[in-house]
Amino acid sequence: MRRRILCLLWRTLCMCSGRIKTANYCLFHTRSVPMKNILFVLSAIMIMCSCDRQNSSLVSIPTDIDSARLLTINTTALIPLETSDSSLIYDINSLELHGNRFIVHSRNYLRSYDIQSGSFLGDVARCGKKEDTFSYIGNLWLEEDTVRFFDSNLSAILSFSPNGTFYGRSYPLGQAFSIEAKPRQYFSLPEIGIFTTNFSNDNTARRNPRYSFYEFGQSECHYVDGREITEPTFLADGTFIDKENHRLLSWEPLRDTIFEVTKSRVKPLYHVDFGKRALPADIQALPYSADRIKAFNSKTSKPYASLIRYVQIHDGYIYFSFACGDETNFIAAYNTQSGQTSVYHIATPDNKFSQTTFFKITGDSAYFEVRDREDLLSNPYLYKIALSDLQ
């Protein structure tokens, strides 16, 4: 890219006439070149050099899908979440463990199930219009014996006991927000402050930062530079709180970059390199995810690999799931010391049971969402795997 732009600058400054052909494109020049064209190219080079400096510390995570191994599911160890009229859910958005309970967030449901049998234990909270109900769950977390979540429609944190007792609402960020940065999710980073992801304003304002920052106990919003929102689509799981390194990690739909988020800036940190299976860079750069999805699902000789999800860090490894265009899902474990990545597909040999992209690390194990591909209307299963088996 740098060589191409330098070549373009040289040709522009030489004020060539006629049609110039290259292997990849054609350029048309006139006998006199307007100064604004020269300034445009100079600006492009300055931006390119700035990006090169910003990406100079970008770490590549080699991820070879063709070397993926099958990690066979032991069906007797599957935990079926009870399927009944009162306990149905969709896919799992997030999961917390408390005592003998799985606390499962699934779209507009927040429900609990027995950690051993999967039996339904009741709703933790319900969607509605009353004081003790929620409108929309932005993100969920557990503080000791209290379940908390950010309701982005109310701009409030709602608190419940694991068995469904309502504790109240709080408004730590206030209730009045700029259209440029209305909070969608709420992340507390110890010793640093509060970060929020923001709603899309559909390009109706001058700015639309992906992240904002608030000092603890303050309602003044500070925009985090480096990444703007370009469309309404977002990943509910697109942020991980990396407490050990005092930062957040962030990722976006069908883009193979993991970003570091601090209170001063969002910057690229890791590039997941799928090699020949990678979604082409020009596709990843498209501003709308619908266009990226269309390309991702297109028929190719070998399906594209992308859709990084549920990035988590534990004991020197970066874990993440991803998908292929043929709807096969994988889990990857990147060793930050050796630079090696292990890739697995978790399923039964006949693929009747197989993993989705959801997983949650707890202690030295991870719980994976598993689906019965012959009965997709039933609730999902949870399957526990030791992290050592993924390394």
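In this text the structure is predicted, and so the values were computed from the model without any measurement.

1. Here's the deal with the overall build of the protein chain
The helix and strand tally for the protein chain stands at 4 helices and 28 strands. Residues classed as buried in the protein chain amount to 47% of the 391 residues present. Pairs at least 24 residues apart make up 47% of the contacts formed inside the protein chain by residues separated by at least 6 positions. Put simply, the protein chain shows about 19,800 Å² of open surface, and 51% of that area lies on carbon and sulfur atoms.

2. Regarding the sheet that holds strand β3 (residues 59-62)
In spatial order, the strands read β3-β21-β20-β19-β18; together these 5 strands make up an open sheet with mixed pairing. Two strands in the sheet have a free side with no partner beyond their single neighbour: β3 and β18 (239-242). Geometrically, the sheet is characterised by an average inter-axis angle of 25° between neighbouring strands, direction not taken into account. Where strand β20 (residues 257-261) meets strand β21 (residues 266-273), 5 bridges bridge the pair, whose relative direction is antiparallel. Looking at the pairing, F259 lines up with P268 of β21.

3. Here's the deal with the confidence of the model for the protein chain
Scored by pLDDT, the protein chain comes out at a mean of 89, with 86% of its residues at no less than 70. Taken as a whole, residues 1-54 scores under 50 in pLDDT and shows 48 contacts with residues more than four places along the chain or in a different chain.

4. Comments concerning the pairing of strand β28 (residues 381-386)
Here strand β5 (residues 79-80) pairs with β28 via 2 bridges, running antiparallel. Of the residues in β28, the one forming a bridge with P80 is Y381. Bridge count for strand β27 (residues 365-372) against β28 is 6 bridges, and the pairing is antiparallel. Along β28, the bridge assignment pairs E369 with L382.

5. Comments concerning the sheet that holds strand β15 (residues 193-198)
Strand order in the open sheet made by the 4 strands is β14-β15-β16-β17, with antiparallel pairing throughout. Both outer strands of the open sheet, β14 (183-189) and β17 (222-228), are each paired with one neighbouring strand and no more. Direction aside, neighbouring strands of the sheet carry axes that sit 25° apart on average. Here 6 bridges tie β14 to β15, and the two strands are oriented antiparallel to one another. Considered in β15, the bridge of Y186 is made with T196.

6. Describing the pattern of salt bridges
Proximity of charged atoms lets side chains of opposite charge pair with each other. One pass over the full model with this rule turns up 20 salt bridges. For D237, the salt bridge is made with R309, and the minimal N-O distance between the two is 2.5 Å. Of this pair, D237 sits in the loop between β17 and β18 while R309 sits in strand β22 (residues 305-314), and the two are 72 residues apart along the sequence. The residues D237 and R309 share a single accessibility class, namely buried. Between E374 and K352 there is a salt bridge; the shortest N-O distance is 3.2 Å. Note that E374 is positioned in the loop between β27 and β28 and K352 in the loop between β25 (341-347) and β26 (353-362), a separation of 22 residues in sequence. Residues joined in a network through salt bridges with shared partners are R210, R227, E252 and R255.

7. So, the nonpolar core
If you look at the biggest cluster of nonpolar residues, it comprises 33 residues, and the most contacted ones within it are F102 and L390. Setting aside chain neighbours within four positions, we find L390 in contact with L71, Y319, I331, A333, S342, Y344, F368 and I385. Counting residues in hydrophobic clusters, the runner-up holds 22 residues, among them Y270, V272, F322 and F330.

8. Section: the packing of aromatic side chains
The geometry of an aromatic ring pair is captured by two quantities: the separation of the ring centres and the angle between the planes. One pass over the structure, following the stated rule, counts 16 aromatic pairs. Ring geometry for F134 versus F149: centroids 5.5 Å apart, planes at 80°, classification edge-to-face. Of this pair, F134 sits in the loop between β9 (120-125) and β10 (139-143) while F149 sits in strand β11 (residues 146-151), placing them 15 residues apart in sequence. Look at F149 and you get buried, because its relative accessible area is 0%.

9. So, the side chain of D256
Looking at the element boundaries, D256 is found in the loop between β19 (247-250) and β20. Buried D256, no salt bridge; nearest opposite-charge side chain is R292, N-O distance 8.9 Å. Dropping the residues within four chain positions of it, D256 is found in contact with Y270, H271, V272, F274, A278, L279, Q284, A305, S306, L307 and I308.

10. Here's the deal with unusual backbone geometry
The backbone of L307 sits at a positive phi, close to 55°, despite the residue not being glycine. Among the residues examined, L307 registers a relative accessible area of 21% and is labelled partly exposed. Non-glycine residue D315 carries a positive phi angle of around 50°.

11. Overview of helix α4 (residues 289-296)
A turn of α-helix holds 3.6 residues, and therefore any two residues three or four places apart point the same way. Along α4, the positions that sit buried rather than exposed are S289, R292, A295 and F296. Buried residues of α4, seen end-on, are gathered within an arc of 120° and therefore sit on one face of the element. In α4, those exposed residues whose orientation departs by more than 90 degrees from the buried face are A290 and K294. In this fold, the buried residues of α4 make contact with α3 (281-284), β22 and β23 (317-324).

Calculation criteria
Residues numbered from 1 in each chain as written. Predicted model: local features only at pLDDT ≥ 70, side-chain atom pairs only at ≥ 80, totals over all residues. Heavy atoms only, no water. Helix = DSSP H or I, 4+ residues; strand = E, 2+ residues; numbered from the N terminus. Buried < 20%, exposed > 50% of the residue type's maximum accessible area, 1.4 Å probe, protein only. Contact = heavy atoms within 4.5 Å. Areas by Shrake-Rupley, 256 points an atom, 1.4 Å probe, with all protein chains shown as cover. Pairing = 2+ DSSP bridges. Axes fitted to C-alpha atoms, helices over the stretch in contact; angles between N-to-C directions. pLDDT = per-residue confidence, 0-100. Salt bridge = Lys/Arg side-chain N within 4 Å of Asp/Glu carboxyl O. Core = buried A, V, L, I, M, F, W, Y, C linked by side-chain atoms within 4.5 Å. Phe/Tyr/Trp six-rings, centres within 6.5 Å; stacked < 30°, edge-to-face > 60°. Lys, Arg positive; Asp, Glu negative; His and termini not counted. Arc of directions from axis to C-beta.

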